[in-house]
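Structural overview
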Amino acid sequence: MITRFSAPGKVILFGEHFVIYGVKAILCAINKRVFVTAESIQEEKIIIKSEIGDLKLDKGVLDVDLPLKPIYFLADKMLHGQSKIKGIKVTIRSEIPIGAGLGSSSACCVAAAGAISGLFSIKSKKEILALAIEAEKTIFKDTSGADCTVSTFGGIIEYDKTGFSKIESNFQLVISNSNVKHSTEKIVGRVQEFKKENEKEFSDFCALESDLISDALELLKKNDIKKLGSLVVQNQKLLEKIGVSNDTLQKMIEIGDRSSYGSKITGAGDGGCIYSLTDETNASKTLDEFKSNYECFLAEIDLKGLDVF
Ligand code: MEV
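This write-up is about the structure you can find in this document.

Rules used throughout
- Residues numbered from 1 in each chain as written.
- Predicted model: local features only at pLDDT ≥ 70, side-chain atom pairs only at ≥ 80, totals over all residues.
- Heavy atoms only, no water.
- Helix = DSSP H or I, 4+ residues; strand = E, 2+ residues; numbered from the N terminus.
- Rg over C-alpha atoms; globule rule 2.2 N^0.38 Å.
- Buried < 20%, exposed > 50% of the residue type's maximum accessible area, 1.4 Å probe, protein only.
- Phe/Tyr/Trp six-rings, centres within 6.5 Å; stacked < 30°, edge-to-face > 60°.
- Lys NZ or Arg CZ within 6 Å of the ring centre and 35° of its normal.
- Near = heavy atom within 4 Å.
- Polar contact = N/O pair within 3.5 Å; in protein donor to acceptor, adjacent residues only side chain to side chain.
- Areas by Shrake-Rupley, 256 points an atom, 1.4 Å probe, with all protein chains shown as cover.
- Nonpolar A, V, L, I, M, F, W, Y, C, P; charged D, E, K, R; others polar.
- Contact = heavy atoms within 4.5 Å.
- Salt bridge = Lys/Arg side-chain N within 4 Å of Asp/Glu carboxyl O.
- Axes fitted to C-alpha atoms, helices over the stretch in contact; angles between N-to-C directions.
- Parallel < 35°, antiparallel > 145°, perpendicular 65-115°, else oblique.
- Left-handed = near helix turned anticlockwise from the far one by under 90°.
- Pairing = 2+ DSSP bridges.

Another aspect to go through is the overall build of the protein chain. For the protein chain, the count of helices and strands is nine helices and twelve strands. Relative to its length of 309 residues, the protein chain is compact, with a C-alpha radius of gyration of 19 Å against a globular reference of 19 Å. Overall size of the protein chain, expressed as C-alpha extent along the three principal axes, is 60 × 45 × 35 Å. Out of the 309 residues belonging to the protein chain, those deemed buried represent 55%.

The following block contains the structure:
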């Protein structure tokens, strides 16, 4: 039996890092995907083939190579306590740049949770999301679950740790890559340190972010993209204050701010991508600003989320 599932990457429009501490975030899924094929095999093994490496192991192994650990975890968990399927081969192909703040790891967990669990029984998106978050926690224990949620359900969402709801809006995003790889876990750890040393300041930032997100939700619903851009700029400033930006990203933000409504980091920061908020009047001009020096593209909002292929 073979199952094939794909899941999209994401941009965090507002609220990364603060979402870990209970503040709401706004995210959107984008039209770049991870494709995962899962196959039941006769050999009693878990085999994973991907662009970032291959693996062939027995069941029940604990010290698995980090980037493939969540996928191994999913296969091992599903094989446990049943005798119908002996082994699983998983093949992963991705259009999402790795370590770039576009949610490649979460999309991979979501697509793999869909494909691997699909070998056993049809699962709801809600159950697949829970499996994906459990898998992601094997490499990043503090995840807020935001990235996996938007990858599973697609579209634009407002999210906090208690749940999410969808938002209707319309804009275009120019995404530019610094090509500096980052580790979400390390940066989240650094923010944790900042919070420990600056409790009062951090709590003030959380309050500011929370207000900013309430305003952003209003503007998104009215589709006032121009005013929304000024909130993007304010959110970026808060991220700079908690130390997740750097000189390379600042230079890119300045370029983006020339012709878009506002630019900011897309995820954990300290590398990876930024996004510039645009509409049809300034999207191609913004893209032109980046083209000669950066890998960049115009992203569309993905409405499907997890899907079969
Ligand atoms: C990473 O895309 C977003 C962070 O807020 C981490 C998380 O929410 O799990 C930095």
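What follows is about the packing of aromatic side chains. Inspection of the entire model under this criterion finds seven aromatic pairs. Judged by centre distance (6.4 Å) and plane angle (15 degrees), the rings of Phe194 and Phe205 are stacked. Separated by eleven residues along the polypeptide, Phe194 in helix α5 (residues 184–197) and Phe205 in helix α6 (residues 199–222) bring together distant segments of the chain. There is no split in this pair, since Phe194 and Phe205 are both buried. Sitting above the plane of the Phe297 ring, Lys32 keeps its charged end 4.4 Å from the centroid. The ring of Phe35 has Arg93 sitting right over it, with the charged end atom 4.3 Å from the ring centre.

As a further point, take the site of the ligand. Around the ligand, 13 residues are found, and the nearest of them are Lys10, His17, Thr143, Ser144 and Asp147. Here an oxygen atom of the ligand and a side-chain polar atom of Thr143 are 3.4 Å apart. Residue Ser144 places a side-chain N or O atom 2.6 Å away from an oxygen atom belonging to the ligand. For the ligand, whose accessible area on its own is 300 Å², the fraction buried by protein is 97%. When its residues are assigned to classes, the shell around the ligand shows six nonpolar, four polar and three charged.

On to the side chain of Ser6. Along the chain, the position of Ser6 falls in strand β1 (residues 2–14). In terms of polar contacts, Ser6 uses its side chain to reach the side chain of Arg33, at 2.6 Å. Excluding its chain neighbours within four sequence positions, the residues that come into contact with Ser6 are Arg33, Val34, Phe35, Ala111, Gly305, Leu306, Asp307 and Phe309.

What follows is about the pattern of salt bridges. For the structure shown, the criterion picks out 19 salt bridges. Taking the shortest distance from any N to any O, the salt bridge between Arg190 and Asp270 comes out at 2.9 Å. Of this pair, Arg190 sits in helix α5 while Asp270 sits in the loop between β9 (262–265) and β10 (273–278); the two residues are 80 residues apart in sequence, bridging distant segments of the chain. Relative accessible area serves as the criterion here: at 39%, Arg190 is assigned to the partly exposed category. Among the residues examined, Asp270 registers a relative accessible area of 21% and is labelled partly exposed. Here Asp224 ties to Lys227 by a salt bridge, and the two come within 3.9 Å at their closest N and O atoms. Using a relative accessible area of 24% as the deciding quantity, one classes Asp224 as partly exposed. You can call Lys227 exposed: its relative accessible area is 52%. Each of Lys24, Glu158 and Lys221 takes part in a single network of salt bridges with overlapping partners.

So, about the packing of helix α1 (residues 69–79) against helix α3 (residues 125–136). Axis separation between α1 and α3 bottoms out at 8 Å; the angle between their running directions is 125 degrees. One finds that α1 runs oblique with respect to α3. As for how α1 packs across α3, the hand of that crossing is right-handed. Residues Pro70, Phe73, Leu74, Lys77 and Met78 of α1 lie in contact with α3, whose contacting residues are Leu131, Glu134, Ala135 and Glu136.

With that out of the way, let us pick up α1. Counted residue by residue, α1 has eight buried out of eleven residues, so it is predominantly covered. Summarising the contacts, the buried residues of α1 are in contact with β3 (46–50), β4 (53–57), β5 (87–94), α2 (104–118) and α3. With its phi angle positive at about 70 degrees, Gly81 sits one or two positions after the end of α1.

Quick look at the pairing of strand β8 (residues 172–177) now. For β8, the tally of buried residues reaches five of six residues, placing the bulk of the element in the interior. Where β8 meets strand β11 (residues 295–299), five bridges bridge the pair, whose relative direction is antiparallel. Looking across to β11, one finds that Leu173 is bridged to Ala299.

A few words on the sheet that holds β11. One open sheet holds the four strands; their spatial order is β9-β10-β8-β11, and the pairing between them is antiparallel. The open sheet is flanked by β9 and β11, the only strands paired with a single partner. In this sheet, neighbouring strand axes are inclined to one another by 20 degrees on average, regardless of whether the strands run parallel or antiparallel. Across four bridges, β9 lies against β10 in antiparallel orientation.

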